[in-house]
Amino acid sequence: MDLIREGRQPRQAIGYLPDGDMVVVNDATHLVDQGPVAVTVLSTRPTSQGVMVFARLASANEGATEALSNLR
């Protein structure tokens, strides 16, 4: 997933899943517009527009598949 802009809170970055759900990634503003990143999902929250996903950057020992599998 690509991070495309800064979030409302300090150090947050925003990206979107292919289905349009928004992903808020903590401590990731330095990666905005830097290409795909792997994240670990911390929680999800249903909204009227879809699901809002809260995540952190995946650690080196977590693969992108494992990290995104926590989403659904």
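Right above here is the structure, for reference.
Notes on the structure in this doc start here. Just so it is clear, the structure is predicted and the values come from calculations on it, not from any experiment. (Residues numbered from 1 in each chain as written. Predicted model: local features only at pLDDT ≥ 70, side-chain atom pairs only at ≥ 80, totals over all residues. Heavy atoms only, no water.)

This part takes up the sheet that holds strand β1 (residues 3–6). Strand order in the open sheet formed by five strands is β1-β2-β3-β5-β4, with mixed pairing between adjacent strands. Bordering the open sheet on either side are β1 and β4 (39–47), each of which pairs with just one other strand. The sheet shows a mean angle of 30° between the axes of neighbouring strands, direction not considered. With five bridges connecting them, strand β3 (residues 22–26) and strand β5 (residues 50–57) associate as parallel partners. Looking at β5, one finds that Asn26 is bridged to Arg56. (Pairing = 2+ DSSP bridges. Helix = DSSP H or I, 4+ residues; strand = E, 2+ residues; numbered from the N terminus. Axes fitted to C-alpha atoms, helices over the stretch in contact; angles between N-to-C directions.)

Let us look at the environment of Thr40. Examined against the element boundaries, Thr40 turns out to sit in strand β4. In this structure, the C-alpha to C-alpha distance between Thr40 and Val25, residues 15 residues apart in sequence, is 8.9 Å.

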